[in-house]
Amino acid sequence: MTTDAAPERVTLADIAAEAGVSLATISKVLNGRSDVAATTRARVEHVLAERGYRRRGGGRSEARAELIELVFHELDPIWSMEVIDGVESVAKEHGLSVVLTVSGTRHSPDPDWVEGVMRRRPVGVVLVFSDLAPEHHEQLNSRAIPFVIVDPAGDPSPDVPSVGSANWSGGLAATRHLIELGHRRIAAITGPADMMCSLARIDGYRSAMNSAGLPIDEDRIRFGDFHVSGGRDRARELLDAPASERPTAIFAGSDMQALGVLEAARERGIRVPEDLSVVGYDDIPLARWLTPKLTTVHQPLRRMGEEAARLAIRLAEDPLEAGAATPRMDLATSLVVRDSTAPPA
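Per chain, residue numbering runs from 1 following the sequence as it is written. Note on the predicted model: pLDDT of at least 70 is required for a residue's local features to be given, and 80 or more for side-chain atom pairs to be given and counted; whole-chain, interface and lining totals, by contrast, use all residues. Hydrogens are left out, water is left out, and the side-chain values use all remaining heavy atoms of the structure.

## Some thoughts on the overall build of the protein
Here a strand is any run of E in DSSP of at least two residues, a helix any run of H or I of at least four, and the numbering for each starts at the N terminus. For the protein, the count of helices and strands is 12 helices and 12 strands. Residues classed as buried in the protein amount to 51% of the 345 residues present. Shrake-Rupley sampling with a 1.4 Å probe provides the accessible areas, and residues are treated as covered by the protein chains on show and by no other component. A total of about 15,300 Å² of accessible surface is found on the protein, and carbon and sulfur atoms cover 52% of it. Only protein chains enter the accessibility calculation, which uses a 1.4 Å probe; a residue whose area is less than 20% of its type maximum is buried, one above 50% is exposed, and one in between is partly exposed.

In structure tokens:
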């Protein structure tokens, strides 16, 4: 009779011996203390990753601060608030506070953020980024700090829990709506070319045009930055075309860019929706207060924050779940028709 032996657990003493440092130094590195030489820290982190060390426990304990850390690369006062509200509502249900951090670029937070979060020891982390560097994955995993990415701008690693939305379907629905109104010269202004959500929304636009047998003019597809200025600048380029070639409708890949399109149209005396139909994306609260009220694709930003927070808490309370199939959730989008779209003149 044979039995499978339980895998041998790596101890801090093992890590210390292999790294050639004291247990006190190991503790400092694990807790993100700054009083450790960079070369020593790198050596310890290498051994921790190589030996697959995972901190004992997990779950809600005295060792953890009773908070969720929410990290953005920038705070858009409208878009970000929807996500913040979602995370805060779930945190409140679980007796947790939320700490808000702004760090890095849209692709990942700054390296020094990782040291800070290890010191803070939150129950979990919600990141509004494309991904984390592999070494940062390991650092958080070794400290049993679960993290979830919201609305990944790129294609997150397969082992990264994430909550996004159906970007392709949103682009498809927005463009189909314009086609059904009778538009044929339809332009699209999406976000940065290196963001997966930007490309997915344009793919939806292309699919709708192809399904309707309409030619796709590549000059009518522009990449912006999801900000008002990007939408305005790209719309100026599109609307300065001769009247016979000018688009009669523009699908903007974010509501903020749609605001820029409306501004560019006003500058040129182009009426919305009489002369130009405009569709946005996100359905931020401001969309229903504009004149005209903005037709847009509803992206469930608040619910995305809620689901990400729930997932982070669940992973903290059940560490074994983190080792199972990595959760990936894409929430449905829906078209909200208001006043900024109409049949072409």
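Here the narrative resumes, following the displayed structure.
## Remarks on the sheet that holds strand 4 (residues 147-150)
The strands making up a sheet associate through hydrogen bonds between their backbones, and the pairing can be parallel or antiparallel. Should DSSP find at least two bridges between two strands, the strands are taken to pair. With parallel pairing, the 6 strands of this open sheet are ordered in space as 2-1-3-4-5-11. The two strands at the open ends of the sheet, each matched to only one other strand, are strand 2 (97-102) and strand 11 (328-331). Strand-to-strand, the axes of this sheet are offset by a mean angle of 20°, without reference to chain direction. Both strand 4 and strand 5 (residues 162-165) contribute to a ladder of 2 bridges, which runs parallel. Between N-to-C directions, angles cover 0 to 180 degrees, with each direction set by a line fitted to C-alpha atoms, over the stretch in contact for helices.

## Observations concerning the layout of surface pockets
Both cavities and pockets are sets of points on a 1 Å grid over the protein atoms alone; in a cavity a 1.4 Å probe fits but cannot get out, in a pocket the set is open with protein on both sides within 12 Å along at least five of seven lines, and lining residues sit with an atom within 4 Å of a point. Grid points are joined across faces, edges and corners, and a volume is the space filled by probe spheres set on the points. Reported here for the second largest pocket is a volume of approximately 450 Å³. Among the elements of the structure, helix 4 (79-93) and helix 8 (196-211) are those that each provide at least two residues to the lining of the second largest pocket. Under the scheme applied, nonpolar residues are Ala, Val, Leu, Ile, Met, Phe, Trp, Tyr, Cys and Pro; charged residues are Asp, Glu, Lys and Arg; polar residues are all the others, including Gly. Of the residues assigned to the lining of the second largest pocket, the class counts are 11 nonpolar, 5 polar and 7 charged.

## Thoughts on the side chain of serine 165
Within the secondary structure layout, serine 165 lies in strand 5. Taking relative accessible area as the criterion, serine 165 reaches 5% and is therefore assigned buried. Polar contacts here mean pairs of N or O atoms no more than 3.5 Å apart (in protein, one a potential hydrogen donor and the other a potential acceptor; neighbouring residues in sequence count only if both atoms are side-chain atoms). In this structure the side chain of serine 165 is engaged in a polar contact, spanning 2.7 Å, whose partner is the side chain of glutamine 299. Note on contacts: a residue pair is in contact if any heavy atoms of the two residues lie within 4.5 Å. In this structure serine 165 touches Tyr281, Gln299, Pro300, Met304, Asp330, Leu331 and Thr333, once residues within four positions along its chain are discounted.

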